[in-house]
Amino acid sequence: MSAPNSNYDPVEVSALDPANVDAALADALAAVAGATDLDDLKTVRIAHQGDKSPLALANREIGALPPTAKAEAGKRVGQARGKLGQAFAARQSVLEAERDERILVDERVDVSVPALRRRPGARHPIELTAQRLVDAFVGMGWEVAEGPELESEWLNFDALNLGPDHPARQMQDTFFLDPVDSGLVLRTQTSPVQIRTMLEQEPPIYIVAPGKVYRTDDLDATHTPVFHQIECLAIDKGLTMAHLRGALDAFVRIMFGPDTRTRVRANYFPFTEPSMETDFLCFVCHGAETWGTAEQCRTCGGSGWIELGGSGMVNRKVLRTCGIDPDVYSGFAFGLGIERALMLRHGVQGMHEMVEGDIRFSQQFGMGA
Ligand code: FA5
């Protein structure tokens, strides 16, 4: 191995030649000045400051010089690299400022442009009405009960004293499920929730059960094939028709206001005995008998009373089916259609409006945006 060359003159090493160093610096400074954006500057940096750049190569040559030559060559190359570093830093801040300026322009948000308003949905008045009724009963200590919409025929009919040959089974037009012997139906009423509850719980029982029900009715002003009912059931010792009247009155007052009056008339439901139909005093004409007159009330048809729903004392047969001794316990139940109640309460002209799902319908009741 040979010793370092003590006569070495940096001018003889072409990379360290002052003219070449100056030229390399001039090239680099020109490239820095010509960089138009930060990506460009990055490429220039690799070419003129990277390991293979002329100034980096010159710098490497210094190590091989004799000590006497190192200082001068080192100063020359060092100064060139320093100037280049400063040029890079200065160009970088200029290009960064330009980029920030451009972003501010490109991504400018015009706050004066009217916003595209996405209107939120609204809860349907039927749902809110059901909720209001449920809340009222929960406030009196009753519990909420639920059942499936796909129900067994036995619970929807048989257990409610509507055997297969019972003529009243035809009262409710039913959607049966394929195959017909599956024994499943879309429930036609919320009354099977009564049976489910009585089979599962010991009395005393006080439940309220809102839910969706299905019948093969055509859509018209007062019918829809999918509608909602709310069912109430109370089983306890010593319950009588008076308790049923009291519960119904409370129910009606909450729903239709404190001055609403009810009346009951005889009716027939296989699962209640005796059974009643409950009417409430028309909230528009307040019971005026306007039938056949020029002022006939459109809401109640002039009778002065509006049909609310079915009710009655729970049939002893139904109690026995559910394992409850009818000599110890008695109970009452009632069920009404929520659409009808809403229609009558708010003067809604027909069922169509309720099922169309137009948010403007809900907005009439102050619901939604
Ligand atoms: C029943 O469904 C009984 N389960 C109610 C009952 C419960 C009686 C507990 C006794 C004890 P009904 O078939 O009458 O009864 O229906 C009750 C209410 O549902 C009706 O008063 C009416 O308000 C509503 N309703 C019935 N059919 C429709 C329909 N197609 N569209 C909208 N509402 C309906």
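## Here we look at the state of the cysteines
Logical step 1: What the rule picks out here adds up to zero disulfides.
Logical step 2: Considering cysteine sulfurs only, Cys-232 is the nearest to Cys-322, which forms no disulfide, with 17 Å between them.

## Overview of the pairing of strand E4 (residues 205–214)
Consecutive residues of a regular strand have side chains that alternate between opposite faces of the sheet.
Logical step 1: Most of E4 sits inside the fold, with seven of its ten residues counted as buried.
Logical step 2: Of the pairings in the sheet, the one linking E4 to strand E5 (residues 226–236) comprises ten bridges and is antiparallel in character. Its bridge partner being in E5, Tyr-206 is matched across the sheet by Ala-234.

## Some details on the pattern of salt bridges
Logical step 1: Counted under the stated rule, the structure contains eight salt bridges.
Logical step 2: Its salt-bridge partner being Glu-72, residue Arg-76 comes within 2.2 Å of it at the nearest N-O pair. A residue pair is termed a helical-turn pair when its members lie 3 or 4 positions apart in one helix, as Arg-76 and Glu-72 do in helix H4 (residues 67–106) at four residues.
Logical step 3: The exposure class of Arg-76 is buried, given its relative accessible area of 14%.
Logical step 4: Owing to a relative accessible area of 44%, Glu-72 belongs among the partly exposed residues under this scheme.
Logical step 5: Note that Arg-99 and Asp-100 form a salt bridge whose closest N and O atoms lie 3.2 Å from each other.
Logical step 6: The exposure class of Arg-99 is partly exposed, given its relative accessible area of 33%.
Logical step 7: Since its relative accessible area comes to 38%, Asp-100 is described here as partly exposed.
Logical step 8: Put simply, Arg-263, Arg-265 and Asp-279 are held in one network by salt bridges that share partners.

## Topic: unusual backbone geometry
Logical step 1: Cis rather than trans, the peptide bond between Asp-178 and Pro-179 has omega equal to -15°.
Logical step 2: Here Pro-179 shows up in the loop between helix H6 (153–156) and strand E3 (184–186).
Logical step 3: Residue Pro-203 is joined to Pro-204 through a cis peptide bond whose omega torsion reads 5°.
Logical step 4: Within the fold, Pro-204 resides in the loop between helix H7 (192–200) and E4.
Logical step 5: A positive phi angle, near 70°, is found at Asn-161, a position not held by glycine.
Logical step 6: Here Asn-161 shows up in the loop between H6 and E3.
Logical step 7: Residue Asn-161 is classed as buried on the basis of its relative accessible area, which comes to 16%.
Logical step 8: Even without being a glycine, His-286 presents a positive backbone phi close to 55°.
Logical step 9: Tracing the backbone shows His-286 in the loop between strand E7 (272–281) and strand E8 (305–314).

Thresholds applied
- Residues numbered from 1 in each chain as written.
- Predicted model: local features only at pLDDT ≥ 70, side-chain atom pairs only at ≥ 80, totals over all residues.
- Heavy atoms only, no water.
- Disulfide = S-S within 2.5 Å.
- Buried < 20%, exposed > 50% of the residue type's maximum accessible area, 1.4 Å probe, protein only.
- Helix = DSSP H or I, 4+ residues; strand = E, 2+ residues; numbered from the N terminus.
- Pairing = 2+ DSSP bridges.
- Salt bridge = Lys/Arg side-chain N within 4 Å of Asp/Glu carboxyl O.

Remember, this is a structural readout, not a statement about activity or role.
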